[in-house]
Amino acid sequence: MDIIQFFGRFHVLVLHLPVGILMLAALLEIYTSIKQNQRNPLLNVIWFWGAISAIAACVLGWMLSQGEGYSVDAVFIHRTFGILTAVTAIIAFVYFTFVKSHLKTVVWILSIGQLFLLFSTGHYGANMTHGETYLVDKAPNIVRTILGFEKHAIPRGKITSLEQADVYLDVIEPMLQQRCVSCHNDSKQKGKLNLSNINGLLKGGKSGKAIVANDLNQSELYQRITMDHEKKGFMPAEGKTPLTDEQTRAIAWWIQTGAPTEGNVTEFTIAKQDKEILNKLFGLSSNGFNLVPIEPITAEQEQALEDTGFIIKRLSQTNHYLDLDLSVKRQPLTDPAIQALLAVKEHVVSLNLRNNQVTDEQLPEIAKLTNLLRLRLERNKISSSGVSALSSLSKLSYLNLYKSNVDDSVLPILNTFNALEKVYIGETNVTAEQINEFSKKSKITVQGIAPVPTSTPNKEA
């Protein structure tokens, strides 16, 4: 255990204290000076605790900076402004507490200087966490120009056919920007990996090549986004939203095609299943899931889902199929929740019941969701016989059974699923030997169990 890093991570909690306390102190000093009111001695206490919290933030920030993943230059700038903020707070406390006569000029210099340093420190800290352009990413071009940034790039046009799509700019780069760049950018490079541009992607990171053309097994990026979500090293980390199945499979197609950095998608070999995935990625296939158009659910049905704990996500503004998540609430799947589900059974294409105390007896009810494509049942005490009740889900392509009670007998049951493509089955009673035998004969991809013999685990990115 790295005790320095353990304490260092409290920096992100403590840093809010000096921001609020010192900003309050500086603004009150300015207000008192303008109004020419008698200065309240309580201000000395505010300056004191502001200085103490600023010192604590500096110490914890230094501890955090001892870890890897941050630009040396970015750390230096942020640390310098942080130290200056703490020093200014100490000087202000000493001046206001022990100097009897306060010069208006000094009051304004200390107060304005403190505010400037607070904003500067926060700005460079945000740059380290989110990238150097974070604060101006959504700014109008006139603001970006004044601040010395390039104007926004002209947005790429909406893709209406694969013939219009660039293999990197339209397929790969958008998903990396959406899911990966917050932790792998110019200022913050976890695992020494920068995914904000094609050069960084091809260069790779501490664990090796992020992308190896034509080789999924050697492509560290692909290995990380497809490993079991519960495993250390899964990307994106820290509970951030993972890539969708379509995005993951599109990356697989890109790598197997040779990881081209430019060119139209249709210039490269596309198998039928890959074409379907790419169409889904751009929303080009019929409704994205080969499902017929459907009317939206009613306000009453939506309220019933929310009242029983479901988080509701719609696939798009024009597609009324639903992605429902009960796992966020960490509550049991109740009878009212099941009834709310069945009231919209034709609308549900994705359902997350992770750690919701789902039982075998409830699975036949789940099997009534006729259009279900993705089902997460990890961390529930369901058995192999219970899973058999789901085999009537003719469209189900993804099933997560991680840390459930299934055993070897679930494997032949999985083969009875009509459309099943991927199953997560780690830390269950299913044996690795049976998995290996199953994988030789089945087209279903089983993930989450180490092969025989056990391979060396991946390093952390």
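For the structure, check the block above.
Residues numbered from 1 in each chain as written. Predicted model: local features only at pLDDT ≥ 70, side-chain atom pairs only at ≥ 80, totals over all residues. Heavy atoms only, no water.

(A) Broad picture of the pattern of salt bridges. Taken as a whole and assessed by the stated rule, the structure comprises 9 salt bridges. A salt bridge links Glu-378 to Arg-354; the shortest N-O distance between them is 3.9 Å. Placement of the pair is Glu-378 in the loop between strand E4 (374-376) and helix H16 (384-388) and Arg-354 in the loop between strand E3 (348-352) and helix H15 (363-366), with a sequence separation of 24 residues. On the basis of relative accessible area, Glu-378 is assigned to the buried category, the value being 2%. The buried category is assigned to Arg-354, whose relative accessible area is 17%. Among the ionic pairs, Lys-403 bridges to Glu-427, the shortest N-O distance being 3.6 Å. (Salt bridge = Lys/Arg side-chain N within 4 Å of Asp/Glu carboxyl O. Helix = DSSP H or I, 4+ residues; strand = E, 2+ residues; numbered from the N terminus. Buried < 20%, exposed > 50% of the residue type's maximum accessible area, 1.4 Å probe, protein only.)

(B) The packing of aromatic side chains, seen in detail. All told, the structure shown has 11 aromatic pairs when counted by the stated rule. Between Phe-81 and Tyr-124, the ring centres sit 5.3 Å apart and the planes meet at 15°, which makes this aromatic pair stacked. Taken together, the residues span a long stretch of sequence, with Phe-81 in helix H5 (residues 72-98) and Tyr-124 in helix H6 (residues 104-130) at a distance of 43 residues. Taking relative accessible area as the criterion, Tyr-124 reaches 29% and is therefore assigned partly exposed. By the ring-pair criterion, three or more aromatic residues cluster together here, those being Phe-48, Trp-49, Phe-93 and Phe-98. Note that Arg-374 overlies the ring of Tyr-398, its terminal NZ or CZ placed 4.2 Å from the centroid. (Phe/Tyr/Trp six-rings, centres within 6.5 Å; stacked < 30°, edge-to-face > 60°. Lys NZ or Arg CZ within 6 Å of the ring centre and 35° of its normal.)

(C) Focus on the pairing of strand E2 (residues 322-325). As paired strands, strand E1 (residues 311-314) and E2 are joined by 4 bridges and run antiparallel to one another. Residue pairing for E2: Lys-313 is matched across the bridge by Asp-323. Bridge analysis of E2 against E3 gives 4 bridges, and the strand direction is parallel. In the strand pairing of E3, Leu-322 is matched with Val-348. Regarding topology, helix H14 (residues 335-342) serves as the crossover connection from E2 to the parallel E3, and that connection is right-handed. (Pairing = 2+ DSSP bridges. Right-handed = clockwise from strand over helix to strand, strands pointing away.)

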